[in-house]
Amino acid sequence: MDIKTILNEIKAELPERTRLVAVSKFHPAEAIKEAYDAGQRIFGESKVQELENKYNTLPKDIEWHFIGHLQTNKVKYIAPYISMIHAVDSFKLLTEINKQAAKAGRTIPCLLEIHIAQEETKFGFSPEECVEMLEKENWKELKNISISGIMGMATNTDDETEIEKEFSTLETFFHELKSRFFADDERFKELSMGMSEDYHLAIKHGSTFVRIGSKIFGIRNY
Ligand SMILES: *Cc1c(COP(=O)(O)O)cnc(C)c1O
């Protein structure tokens, strides 16, 4: 199937509240252009250098979302144009994004990455760490970022019960944070979860962004 057909199939499955981030990492600009010509505007990338190359060659009305682990020393390169940063996993990174966004005269929407999967990873806040950071309130002084929601990845498993349990945990946590810290902040509204193999389960649990790569663009070579 071609990219356009697959995109249309996926979009037909998404409820109104859910938007598609087409994850184009490791795929060439030509593949992105094909999706763009089919009407797709939001693309997800996970490496700064690769994103820079694509940003420079592709149409300027693309909304680029950074979905990977972002190093603080690379924030400055993407701050002038990035539409959303999905995987903020420390207060230090949030502070740096704020600084670079201020320099660029922008406010950058950020999602906090919450670690829900059973796999070990260095990245993401535990729910406890996330609450601890928000309780400190110094994030409220960061005027050039908005905390727009949370993001997570389920365990890479065939066990749908486990995956649903994790998405349900994230959904509950999202609502808890909303009522505790962001009840008056309408910008906090995004729940980014669901990938090629599990997005059907994610949309059942209120996902507002699904991040789908291989289903659209095929197997990545990396
Ligand atoms: C690569 C990646 C995706 C897309 O994964 P697919 O299985 O190819 O759909 C989604 N989210 C993140 C954070 C990724 O790194």
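Definitions and limits used
- Residues numbered from 1 in each chain as written.
- Predicted model: local features only at pLDDT ≥ 70, side-chain atom pairs only at ≥ 80, totals over all residues.
- Heavy atoms only, no water.
- Core = buried A, V, L, I, M, F, W, Y, C linked by side-chain atoms within 4.5 Å.
- Buried < 20%, exposed > 50% of the residue type's maximum accessible area, 1.4 Å probe, protein only.
- Helix = DSSP H or I, 4+ residues; strand = E, 2+ residues; numbered from the N terminus.
- Contact = heavy atoms within 4.5 Å.
- Pairing = 2+ DSSP bridges.
- Phe/Tyr/Trp six-rings, centres within 6.5 Å; stacked < 30°, edge-to-face > 60°.
- Near = heavy atom within 4 Å.
- Polar contact = N/O pair within 3.5 Å; in protein donor to acceptor, adjacent residues only side chain to side chain.
- Areas by Shrake-Rupley, 256 points an atom, 1.4 Å probe, with all protein chains shown as cover.
- Nonpolar A, V, L, I, M, F, W, Y, C, P; charged D, E, K, R; others polar.
- Arc of directions from axis to C-beta.
- Salt bridge = Lys/Arg side-chain N within 4 Å of Asp/Glu carboxyl O.

With respect to the nonpolar core
- In terms of nonpolar packing, the biggest core is built from 66 residues, with L112, L134 and I150 touching the most fellow members.
- In terms of residue count, helix α7 (residues 160–181) provides more of this core than any other element does, seven residues in total.
- Once residues within four sequence positions are removed from consideration, I150 is found in contact with L111, L112, I114, L170, F173, F174, L177, F188, E190, L191 and S192.
- V21, A87, L111 and M151 belong to the second-largest nonpolar core, a separate cluster that totals nine residues.

A closer look at the pairing of strand β8 (residues 209–212)
- Burial of β8 is two-sided: the residues F209 and R211 facing one way and the residues V210 and I212 facing the other way are all buried.
- Inspection of the sheet shows strand β1 (residues 19–23) paired to β8 by four bridges, in the parallel sense. Within β8, the residue paired with V21 across the bridge is R211.

Notes on the packing of aromatic side chains
- Enumeration according to the criterion identifies five aromatic pairs in this entry.
- Here the aromatic rings of Y55 and Y81 are separated by 3.6 Å at their centres, their planes lie at 10 degrees, and the arrangement is stacked. Highlighted residues: Y55 in helix α3 (residues 48–57) and Y81 in the loop between α4 (75–78) and β4 (84–88), separated in sequence by 26 residues.
- Classification of Y81 as buried rests on a relative accessible area of 11%.
- Every member of this aromatic cluster is reached through a ring pair, and the members are W139, F174, F182 and F188.

Description of the site of the ligand
- Near the ligand the following residues occur: V23, K25, I67, M151, M153, M195, S196, R211, I212, G213, S214 and R220.
- Here S196 contributes a side-chain N or O atom positioned 2.5 Å from an oxygen atom of the ligand.
- R211 places a polar side-chain atom, nitrogen or oxygen, 2.9 Å from a nitrogen atom of the ligand.
- Isolated, the ligand exposes 390 Å² of accessible area, and the fraction of that covered by the protein chains is 90%.
- Tallied by class, residues from the shell around the ligand come to six nonpolar, three polar and three charged.

Side note on helix α2 (residues 29–37)
- If you check which residues of α2 are buried, you get A31, I32, A35 and Y36. Projected down its long axis, α2 shows its buried positions confined to an angular sector of 145 degrees, all on one face. With respect to the buried face of α2, the exposed residues turned more than 90 degrees away are E30 and D37.
- In the core, the buried residues of α2 are packed alongside α1 (3–13), β2 (42–45), α3, β3 (63–66) and α9 (214–217).
- Two residues or fewer after α2 comes G39, characterised by a positive phi angle close to 105 degrees.

Focus: the pattern of salt bridges
- A complete count under the given rule lists twelve salt bridges for this structure.
- A salt bridge links E50 to K54, with the nearest nitrogen and oxygen atoms 2.8 Å apart. Placement of both E50 and K54 in helix α3 is noted, with a separation of four residues, approximately one turn of the helix.
- Through salt bridges that share partners, R19, K189 and E190 make up one connected network.

Focus on the pairing of strand β5 (residues 108–113)
- Buried residues dominate β5, accounting for six of its six residues.
- Going residue by residue along β5, you find I108, C110 and L112 tucked away on one face and P109, L111 and E113 tucked away on the opposite face as well.
- In terms of strand pairing, β4 meets β5 through two bridges, oriented parallel. Bridge pairing links I85 to C110 in β5.

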